Amino acid sequence: MLSSPDLSFSRTLPIVVFNQLGVLLEQMAQTVGSTALILTEVVLVRIYIPVKWQRQRFTLVVSEQFSVLLVGTFEQGSRETEGQGIYSEINAQLTFNLEAIASFVRELRDLFECDSDTHQNLERYQQIIRPNDATLQSQFTLLLLESLLTQPNQEIIAPPSPIDPAVYICQPVEDALKKQISQERLLNQVTTQIRKSLDLPVIMATAITQVREFLELDRLVIYKFAGSQVNTQPYQSDIIPLNETALTTGMELSVREPCEIYFSIHENNGEHSPFVSVNNKTLLEDYQQYGGYIVYEARATDAIRSVLNYTEKNCFIQSSQCWEKYCQGFTLAVDDVEKTYALEECLLNFLRECQVKAKFAAPIIFEDKLWGLLIAHQCDRPHQWNDSEKNLLIAIAEQLAIAIHQAELMQTLTQEKQNLEQRVIERTIALRDALLAAEAANRLRSEFLATISHELLTPLTYVIGMSSTLLRWPLGELSQRQRGYLQTIHDSGEHLLEMINDILDLSQIEAGKTALNISEFSLVNVAQNAVESLRKKATSEQINLILDLQIDPKRDRFIGDAERVEQILWNLLTNAIKFTPENGSVTLRLWVEDDTAIFQVEDTGIGIPEEQLPLLFEKFQQLDTPYRRRYEGTGVGLALTKQLVQLHRGRIEVESTVSIGSIFTVWIPTQAVRVVS
């Protein structure tokens, strides 16, 4: 800052006298003419400033004929007036020194971004500082003497009356309390409405209308950013169009100072231009994707110009200092736009066009996201924003942020509900298509099975029947080799017929076309029939086939499908004989527990590895074993057995140890006396 040798004047002054000197400098600037620049500390209200600038006030006049600087600094720990935060004294410095003034202008210039209009204008004014004109210097001296020698009339305030002291002492306090209560009541009304309603347009429109009327504002608006579509690239000095409404009125946006929202009127040869080309590129499409716009507005009268639906691009960008300030809760209070934007000609012209004399902007933030701004305007005169007004506007902005967050959550839930409903519809259609495909496949399978029944079983029956007939011929008519060939044909046909019947039975069960023929029968007879039908086969394989009946004769009668139960036992016994080596044994046990018949087939065969047990009852699965199979199979025997057991509402389990043997256990409950599909 300035050092004492550069100063023409330096001393501690009452703040009232310091303010009078500032007014005197402003009067002198008006005497010089329109070429003079006059700045005060209010020009810094839009930016972050160092601590030393926060404690000082200044009035600067710069022109080619006359330049002067008045700087006042509040010292830390200075005496305040009645604890109200108002300093009563200030260290004042007044100088006409050209180097000191130029140094101050450079420091002031460096506070602003290099590509801003304020920075460029201060750079220009720094170059025009010249020695003061003697006539103007003398004129200022006379004004200064006249101001210092003329004592203002002291207003005589009558002492409080002992009869009614409350008129002088309590009335201001009472008025302040009433205003505070009214503000709290208004804030409570807005909060209550937010809690009761999820209709965001109603909340916003009502809130700004009530607040505008309460604070007697000329205009109160809500500006909304484009959210994630905000441009993150460095802003440029461009002229870009507004929305469709603006295109018809010639209103366009001038992007120069990133800390403000403002517009300019652009005309092309007396006609409104629908868009402007920058760097040989049309920005209309790019503009429609970014920026924001004013979504709500409340005006005192129709004579005040409307800015509803106005929009902009690149004024607020995430990389700019202003964007970061508002994201951190910065509020902008401009008491007089003429002083604050003295170096922003474009912005100042627009504010004059829109009748803005004073403005206040509070950010609307939720979840660390800058959604928009609550902006208040006074249009007829400058206005000093007091703490009460600021606090109310900030509180309203916070409540609007809650309402927005609440509405967005509801919108998200609604969208999720719609997405879920859409997925349910899509899933239902997919399931219907799958069902239709399954029905079509089932029809094809039925047709295929019918073809097998006709095309395979009929000729196979002829093969088995004719080979049986030839085998019954006398020995002299067939040689031993021919008889051997016929026997092979007959056995192979029987084996093939058995496999085809298993496949047909399994398909019928899976298609739900198999019904149990329920009747009362003897469990012992069924077991004996199954064993006797395989006795010859077991003997030829040198396997001991054993029937172990552990059943009370009184419980021999059972209700079920005798033919299917015998088929279950026959399949299990056949499988056990098939995989049991010579000199082994296969045992069928039978007993009854409660109303359940239990069959157990135990063999001393090759066993089944534990890791292959889950595949045992799968269709067309043949387990690898260390023994060569003596009979080829389709792998449907055990799968069919399990289906038949489940058709009886029973269950089947297996225990097996490799090289020791296996135990298959079947539980079949008694059936109701009816046909079960």
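Reading guide: rules and limits
- Residues numbered from 1 in each chain as written.
- Predicted model: local features only at pLDDT ≥ 70, side-chain atom pairs only at ≥ 80, totals over all residues.
- Heavy atoms only, no water.
- Helix = DSSP H or I, 4+ residues; strand = E, 2+ residues; numbered from the N terminus.
- Buried < 20%, exposed > 50% of the residue type's maximum accessible area, 1.4 Å probe, protein only.
- Contact = heavy atoms within 4.5 Å.
- Expected span 1.5 Å × (residues − 1).
- Core = buried A, V, L, I, M, F, W, Y, C linked by side-chain atoms within 4.5 Å.
- Arc of directions from axis to C-beta.
- Salt bridge = Lys/Arg side-chain N within 4 Å of Asp/Glu carboxyl O.
- Pairing = 2+ DSSP bridges.
- Axes fitted to C-alpha atoms, helices over the stretch in contact; angles between N-to-C directions.
- Parallel < 35°, antiparallel > 145°, perpendicular 65-115°, else oblique.
- Left-handed = near helix turned anticlockwise from the far one by under 90°.
- Nonpolar A, V, L, I, M, F, W, Y, C, P; charged D, E, K, R; others polar.
- Lys, Arg positive; Asp, Glu negative; His and termini not counted.
- pLDDT = per-residue confidence, 0-100.
- Phe/Tyr/Trp six-rings, centres within 6.5 Å; stacked < 30°, edge-to-face > 60°.

### What about the overall build of the protein chain?
From N to C terminus, the protein chain includes 18 helices and 25 strands. Counting every position in the protein chain, which comprises 677 residues, the buried fraction comes to 42%. Sequence separation of 24 or more characterises 69% of the internal contacts of the protein chain that already satisfy a separation of 6 or more.

### Describing helix α3 (residues 98–109)
End to end, α3 covers 16 Å across 12 residues, agreeing with the expected 16 Å (1.5 Å per residue, within 8%). For α3, the full list of buried residues reads A100, I101, A102, F104, V105, L108 and R109. Packing partners of the buried residues in α3 comprise β2 (37–40), α2 (51–54), β3 (56–62), β4 (68–73), β5 (89–95) and α4 (117–127).

### Section: unusual backbone geometry
Glycine aside, residues mostly have negative phi, and peptide bonds are mostly found in the trans state. The phi torsion at Q355 lies on the positive side, around 65 degrees, for a residue other than glycine. Along the chain, Q355 turns up in the loop between α12 (345–353) and β17 (358–366). The phi dihedral of D594 falls on the positive side, at around 55 degrees, and the residue is not glycine. Looking at where D594 falls in the secondary structure, it is placed in the loop between β22 (585–593) and β23 (596–603).

### Remarks on the nonpolar core
Core analysis: the largest hydrophobic core is formed by 43 residues, its most contacted members being L523, L572, L573, V586, F599 and F664. For this core, the secondary-structure elements that each account for two or more residues are α14 (480–510), α15 (523–533), α17 (562–578), β22, β23, α18 (637–647), β24 (651–657) and β25 (661–669). Here this core takes seven residues from α17, the largest share from any one element. Those residues in contact with L523 that lie beyond four places of it in its chain are I551, R555, D556, F558, L590, V592, A597 and F599. Membership of the second largest hydrophobic core comes to 35 residues, among which are L200, V211, Y296 and A333.

### Quick notes on helix α7 (residues 200–215)
Here α7 contains 16 residues, and its C-alpha end-to-end distance of 22 Å stays within 8% of the 22 Å for a straight helix at 1.5 Å per residue. Regarding α7, the residues found buried are L200, I203, M204, A207, I208, V211, R212 and L215. Seen from one end, α7 has its buried residues packed into an arc of 145 degrees, which puts them on one side.

### Structural notes on the pattern of salt bridges
Any two side chains of opposite charge can pair, on the condition that their charged atoms come close. What the rule picks out here adds up to 13 salt bridges. R535 is the salt-bridge partner of E532, the closest N and O atoms lying 3.4 Å from each other. Ionic pairing is found between D548 and R589, a salt bridge with its closest N-O pair at 3.6 Å. Taken as a pair, D548 in strand β20 (residues 544–549) and R589 in strand β22 lie far apart in primary sequence, 41 residues in all. In this structure D548 comes out as partly exposed when scored by relative accessible area, which is 25%. On the basis of relative accessible area, R589 is assigned to the buried category, the value being 19%. Residues participating in the shared-partner salt-bridge network are R109, D110 and E123.

### Considerations on the sheet that holds β24
Within the open sheet, the five strands sit side by side as β20-β22-β23-β25-β24. Their pairing is mixed. Either end of the sheet is taken by a strand with one partner, and the two such strands are β20 and β24. The mean inter-strand angle of the sheet, taken between neighbouring strand axes irrespective of direction, is 15 degrees. Pairing between β20 and β22: six bridges, direction parallel. Residue I546 lies in a different strand from β22, and its bridge partner there is T587. On top of the sheet, α17 reaches β20, β22, β23, β24 and β25; it is set at about 15 degrees to β23, its chief contact. Packing of α18 onto the sheet brings it into contact with β24 and β25, and relative to β24 it is tilted by some 140 degrees.

### A few points about the packing of α14 against α18
For the pair α14 and α18, the least separation of the axes is 10 Å and the interaxial angle reads 40 degrees. Viewed along their axes, α14 and α18 adopt a mutual orientation that is oblique. Both α14 and α18 take part in a crossing whose hand is left-handed. In this structure, α14 uses D502, D505, L506, I509 and E510 to contact α18, whose residues at the interface are A639, L640, Q643 and L644. Partitioned by chemical class, the residues of the contact of α14 with α18 number five nonpolar, one polar and three charged.

### Digging into the side chain of D336
Relative to the elements of secondary structure, D336 occurs in the loop between β16 (332–334) and α11 (337–340). Although buried, D336 forms no salt bridge, and the nearest oppositely charged side chain, K339, lies 4.8 Å from it. Not counting chain neighbours up to four residues away, the residues in contact with D336 comprise K357 and P382.

### Structural notes on the confidence of the model for the protein chain
Here the protein chain averages 76 in pLDDT, and 75% of its residues register 70 or above. Within the model, pLDDT remains below 50 along residues 313–319, and this stretch shows 39 contacts once partners closer than five positions in the same chain are excluded. For the stretch residues 625–631, pLDDT sits under 50, and the model shows 16 contacts to residues farther than four places along the chain or on other chains.

### Considerations on the environment of A538
Among the secondary structure elements, A538 is positioned in helix α16 (residues 535–540). Here the alpha-carbon distance between A538 and G584, two residues 46 residues apart in the chain, equals 9.9 Å. Residues contacting A538, with those up to four places away along its chain left out, are I543, L545 and I577.

### Regarding the packing of aromatic side chains
Here the structure, examined in full by the defined rule, presents 10 aromatic pairs. Where F66 meets F140, the ring centres are 5.7 Å apart and the plane angle is 45 degrees; that geometry is what we call tilted. Taken as a pair, F66 in the loop between β3 and β4 and F140 in helix α5 (residues 134–149) lie far apart in primary sequence, 74 residues in all. Each of the two residues, F66 as well as F140, counts as buried.

### A few points about the environment of K642
Along the chain, the position of K642 falls in helix α18. For K642, a relative accessible area of 30% puts it in the partly exposed group. Note: C-alpha distance between K642 and E618 (24 residues apart in sequence) is 9.3 Å. The contacts of K642, once residues within four sequence positions are left out, are F617 and I652.

### Some details on the packing of α3 against α4
Two elements in contact, α3 and α4, have axes whose closest approach is 9 Å; the angle formed by their N-to-C orientations is 170 degrees. On the basis of the axis angle, α3 is roughly antiparallel to α4. Crossing handedness for the pair α3 and α4: left-handed. Residues A102, V105, R106, L108 and R109 of α3 form the contact with α4, whose participating residues are H119, L122, E123 and Q126.

### Overview of the sheet that holds β5
Reading across the sheet, the five strands line up as β1-β5-β4-β3-β2 and stay open at both edges, with antiparallel pairing between neighbours. In this open sheet, the two edge strands, each paired with only one partner strand, are β1 (9–14) and β2. Strand after strand, the sheet turns through a mean of 15 degrees between neighbouring axes, direction not considered. Direction of pairing for β3 relative to β4: antiparallel, over a ladder of six bridges. Its bridge partner being in β4, V61 is matched across the sheet by V68.

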